[in-house]
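This is what each chain is made of:
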Amino acid sequence: APPCALPVQICVSECPDRYATLLSAYGNAAALEYYRDFCTPEFRNSRKAPIEVLKDKECPAMLIPSTPLARRCFPAIQAKKGVIMVGNETTYDDGRGHRRNRRFVFPCRKANVVLETRQLAMKIFEDYTVSWYWIIIGLVIAMVASLIFIVLLRFLAGIMVWVMIVMVILVLGYGIFHCYMEYAKLKGEAGSDVSLTDLGFQTDLRVYLHLRQTWLAFLIILCVLELVIILLLIFLRKRILIAIALIKEASRAVGHVMSSLLFPLCTFFLLCLCITYWACTAVFLSTSNEAVYKVFNESACPFSGQTCKPETFNTSNVTKLCPDAQCLFAFYGGETAYHKYLIVLQFFNVFMFFWLANFVIALGQVTLAGAFASYYWAFKKPDDMPAFPLFSAFGRALRYHTGSLAFGSLVLAVVQVIRVTLEYLDHRLKAAENKFAKFLLSCLKCCFWCLEKFIKFLNRNAYIMIAIYGTNFCTSARNAFFLLMRNIIRVAVLDKVTDFLFFLGKLLIVGSVGILAFFFFTQRIKLVQDTAPPLNYYWVPILTVIVGSYLIAHGFFSVYGMCVDTLFLCFLEDLERNDGSAEKPYFMSQNLRKLLKKTNKGQPEA
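Here the structure is a predicted model, which means the values were calculated and not measured. (Residues numbered from 1 in each chain as written. Predicted model: local features only at pLDDT ≥ 70, side-chain atom pairs only at ≥ 80, totals over all residues. Heavy atoms only, no water.)

Chemist: Can you tell me about the overall build of the protein chain, naming the residues and giving the values?
Modeler: Scanning the protein chain from N- to C-terminus turns up 20 helices and eleven strands. Out of the 606 residues belonging to the protein chain, those deemed buried represent 39%. Per element, the accessible surface of the protein chain, about 34,300 Å² overall, is 65% carbon and sulfur. (Helix = DSSP H or I, 4+ residues; strand = E, 2+ residues; numbered from the N terminus. Buried < 20%, exposed > 50% of the residue type's maximum accessible area, 1.4 Å probe, protein only. Areas by Shrake-Rupley, 256 points an atom, 1.4 Å probe, with all protein chains shown as cover.)

Put into structure tokens, the structure is as follows:
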């Protein structure tokens, strides 16, 4: 087959929009004038025969309707009724009175793959254009549901937690029932017994829903998840009571600092600024290259492969010593010191992105911790609390703790950059046959993953100690670590159990909104059946709503999580300072204090 790329490379002002061949252009003055725009400057005043022009590589043999992409002209491929077309045509005139098939125009083997990917992207884009407002409505429903859930926790924490647990079990149970009914309904239908491996990857995911094996896989996954949750609830039933009491106390704290529920929006906005800065810098660095031209020739030439300038090439000594040499575009890049170290600048840009993103997250954590710590250590609540606890904590963090937050973020960013580097090396070494290198790389990836999780845990508690005492990062990290180690049983009992309950809350909101989106976009709700937009792939808006709902629910529950962690660390510090003496004032409700004291070092459970 002929090559996919034409041998003549020309920089043009715009891509060709029609079929044309050099032979046909010579017979038409207007066509030849149009053709000159896609030839080298030497051809403009040339009167050579077509065969000489092609031999000297001054013009391409043919022009193809193309579209610009990444400063390149690519054939304008599309498909109509399963027929691949280039420029709305399947054939073209070769200049000799014959019609050629488009296979001669675009013979690349992966043309169908490129076309299918392009069609998939266009259909997904079309689905977003007709369903974006319904997606926004779904996300608003998720936000309202999360807010109502948080408000109800303020007054009915115990009841809401148990309702949440029951609802999660019921939602999963309905999922199991629905999967079984779909599995049973497909029994005996033609083509439903085809295995997933035999079917392979299909761009239309609706095909998989007509297979029994798909619903069987969903059924098994949901059954395993349901069983795991039920077993955890059975074994953690007593610890759940303690976690509920701590959530009640956290609900009181959130009730006194209601503005904390909106603070994740500030963190989200700052993260968007970080992402925008990183993306803009990466694009500017990537596009700061310049066109590099090199000498190409067919015979032996001492200047072959050297850099040249098209403007002065014809008057240089190269053309005299090598008559068949040409100065052609090679690539975008550069040979200056800046261009040589461009990859280093991109690497530094990635590092700065991690550092800034971690700093923004740390600022949010220390702000929330400062607000909730002011609630805990207030003797009379809310009289002894600042008028605006969240803004006061935010101001203290910016004024006094910027260095500590930057240092903690720097440590975490270094580890994350090392992980990214290891992932890059793993990607490059996939084709390598060295098993020891792969094993060593896997071990390093696992170790640095664990290290990142540990540093995140340590930083989170260090920021709480910074918010309480105002000490530097290293001192706060050391004090928080040893405080948690002295109360490791309490940490194991409460921290993970409350995380589990918050996960169930997220699962309930995401599952409920996801099921509602599924029934709406698949037009299974009769009341709004005609309102649902026609879609190519209904999983596009459903997945978008599910992911967006999780992020929204995570934002609300992260406030509660930070509140629980802050109150818990404050309680441990309070317990060691006051030693539970009766004459010492209680900063936490006495019922919760008694429950927490039962989970001391010597006994994991009361």
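Chemist: Can you lay out the side chain of Arg212 for me, pointing to particular residues and giving the numbers?
Modeler: Looking at where Arg212 falls in the secondary structure, it is placed in helix H7 (residues 212-235). Contact partners of Arg212, with chain neighbours within four places excluded, come to Tyr183, Leu186, Lys187, Ser192 and Asp193. (Contact = heavy atoms within 4.5 Å.)

Chemist: Describe the pattern of salt bridges, listing the residues and the values that go with them.
Modeler: Following the criterion strictly, the structure yields nine salt bridges and no others. Two residues, Lys185 and Glu182, come together in a salt bridge whose shortest N-O distance is 3.6 Å. Of this pair, Lys185 and Glu182 both sit in helix H5 (residues 111-185), three residues apart, which is roughly one turn of the helix. A relative accessible area of 54% places Lys185 in the exposed class. Of the residues examined, Glu182 reaches a relative accessible area of 10% and is grouped as buried. Of the charged contacts in the structure, one is a salt bridge between Glu452 and Arg419, with a shortest N-O distance of 2.5 Å. (Salt bridge = Lys/Arg side-chain N within 4 Å of Asp/Glu carboxyl O.)

Chemist: Run through the nonpolar core, naming residues and quoting values.
Modeler: In this structure, Leu153, Val161, Phe372, Leu501, Leu504 and Tyr560 are the most contacted members of the largest nonpolar core, which totals 96 residues. For this core, the element with the highest residue contribution is helix H19 (residues 539-578), accounting for 17 residues. Excluding residues that lie within four positions of it along the chain, Val161 makes contacts with Leu153, Ile244, Ile247 and Leu501. The next biggest cluster of nonpolar side chains, apart from the first, holds twelve residues, and it includes Ala20, Cys39, Phe43 and Cys59. (Core = buried A, V, L, I, M, F, W, Y, C linked by side-chain atoms within 4.5 Å.)

Chemist: Account for the side chain of Ser549, naming residues and giving values.
Modeler: Its location among the elements puts Ser549 in helix H19. Within the local environment of Ser549, its side chain forms a polar contact with the backbone oxygen of Val545, the two atoms lying 2.6 Å apart. Discounting residues that sit within four places of it in the chain, Ser549 has contacts with Leu139, Ala142, Val510 and Val513. (Polar contact = N/O pair within 3.5 Å; in protein donor to acceptor, adjacent residues only side chain to side chain.)

Chemist: Outline the state of the cysteines, supporting the account with residue identities and numerical values.
Modeler: Counted under the stated rule, the structure contains two disulfides. Each disulfide pairs two cysteine sulfurs, and for Cys39 the partner residue is Cys59, the sulfurs being separated by 2.0 Å. Between Cys39 and Cys59, the S-S torsion sits near 120 degrees, and that sign places the bridge as right-handed. Of the two residues, Cys39 is situated in the loop between helix H2 (29-36) and helix H3 (50-55) and Cys59 in the loop between H3 and strand S2 (62-63); the sequence distance between them amounts to 20 residues. For Cys39, a relative accessible area of 3% puts it in the buried group. (Disulfide = S-S within 2.5 Å.)

Chemist: Describe the environment of Pro302, and please don't skip the residues or the numbers.
Modeler: Looking at the secondary structure, you find Pro302 in the loop between strand S9 (290-296) and strand S10 (307-308). On the accessibility criterion, Pro302 (63% relative accessible area) is exposed.

Chemist: Could you give an account of the packing of aromatic side chains, naming the residues involved and the relevant values?
Modeler: Taken as a whole and judged by the stated rule, the model has 22 aromatic pairs. Geometrically, the ring pair formed by Phe407 and Phe473 is edge-to-face, given 5.6 Å between the ring centres and 70 degrees between the ring planes. Taken together, the positions of Phe407 in helix H15 (residues 402-428) and Phe473 in helix H17 (residues 473-486) put the pair 66 residues apart, joining distant regions of the chain. On the basis of relative accessible area, Phe473 is assigned to the buried category, the value being 8%. A centroid spacing of 5.5 Å and a plane angle of 75 degrees characterise the contact between Phe481 and Phe482, whose relative ring orientation is edge-to-face. Overall, Phe481 belongs to the partly exposed group, its relative accessible area being 29%. Taken together through their ring pairs, the aromatic side chains of Trp132, Tyr133, Trp134, Phe520 and Phe521 make up a single cluster. One residue, Arg18, lies across the ring of Tyr34, its end atom 3.7 Å from the ring centre. If you follow Arg212 out to its NZ or CZ, it ends over the ring of Tyr183, 4.0 Å from the centre. (Phe/Tyr/Trp six-rings, centres within 6.5 Å; stacked < 30°, edge-to-face > 60°. Lys NZ or Arg CZ within 6 Å of the ring centre and 35° of its normal.)

Chemist: Lay out the environment of Leu444 with the relevant residues and their values.
Modeler: Looking at the element boundaries, Leu444 is found in helix H16 (residues 435-469). In this structure Leu444 comes out as partly exposed when scored by relative accessible area, which is 33%. Linking Leu444 and Ile418, residues 26 residues apart in sequence, is a C-alpha distance of 9.8 Å.

Chemist: How would you explain H17 if you had to name every residue and give the values?
Modeler: Given a rise of 1.5 Å per residue, 14 residues ought to cover 20 Å, and the 20 Å separating the end C-alpha atoms of H17 matches this to within 8%. Its side-chain oxygen at 3.2 Å from the backbone nitrogen of Cys474, Asn472 defines the N-terminal cap of H17. (Expected span 1.5 Å × (residues − 1).)

Chemist: Please give an account of the environment of Phe74 that cites residues and values.
Modeler: Residue position: Phe74 is located in strand S4 (residues 72-75). For Phe74, a relative accessible area of 39% puts it in the partly exposed group. Between the alpha carbons of Phe74 and Ile64 there is a distance of 8.7 Å; along the sequence they are ten residues apart.

Chemist: Which residues make up the packing of H15 against H16, and what values do they have?
Modeler: Contact pair H15 / H16: the axes reach a minimum separation of 10 Å and the direction vectors enclose 165 degrees. Considering the angle they form, H15 stands roughly antiparallel to H16. Crossing hand, H15 versus H16: left-handed. A breakdown of the residues in the contact of H15 with H16 according to their chemical character gives 15 nonpolar, five polar and six charged. (Axes fitted to C-alpha atoms, helices over the stretch in contact; angles between N-to-C directions. Parallel < 35°, antiparallel > 145°, perpendicular 65-115°, else oblique. Left-handed = near helix turned anticlockwise from the far one by under 90°. Nonpolar A, V, L, I, M, F, W, Y, C, P; charged D, E, K, R; others polar.)

Chemist: Hey, could you go over H15 for me, with residue numbers and the actual values?
Modeler: Between the first and last C-alpha of H15 there are 38 Å, a value that for 27 residues agrees with the 39 Å anticipated at 1.5 Å per step. Listed in full, the buried residues belonging to H15 are Ser404, Leu405, Gly408, Ser409, Leu412, Ala413, Val415, Gln416, Val417 and Leu422.

Chemist: Describe the packing of H16 against H17, naming the residues involved and giving the relevant values.
Modeler: Where H16 contacts H17, the two axes come as close as 8 Å, and the packing angle between them is 105 degrees. As far as their axial angle goes, H17 and H16 are roughly perpendicular. In this structure, H16 contributes Phe454, Phe457, Leu458, Asn459, Asn461, Ala462, Tyr463, Met465 and Ile466 to the contact, and H17 contributes Phe473, Ser476, Ala477, Asn479, Ala480, Phe481 and Leu484. Its residues assigned to classes, the contact of H16 with H17 comprises twelve nonpolar, four polar and no charged.

Everything listed is a geometric property; what it means functionally is a separate question.
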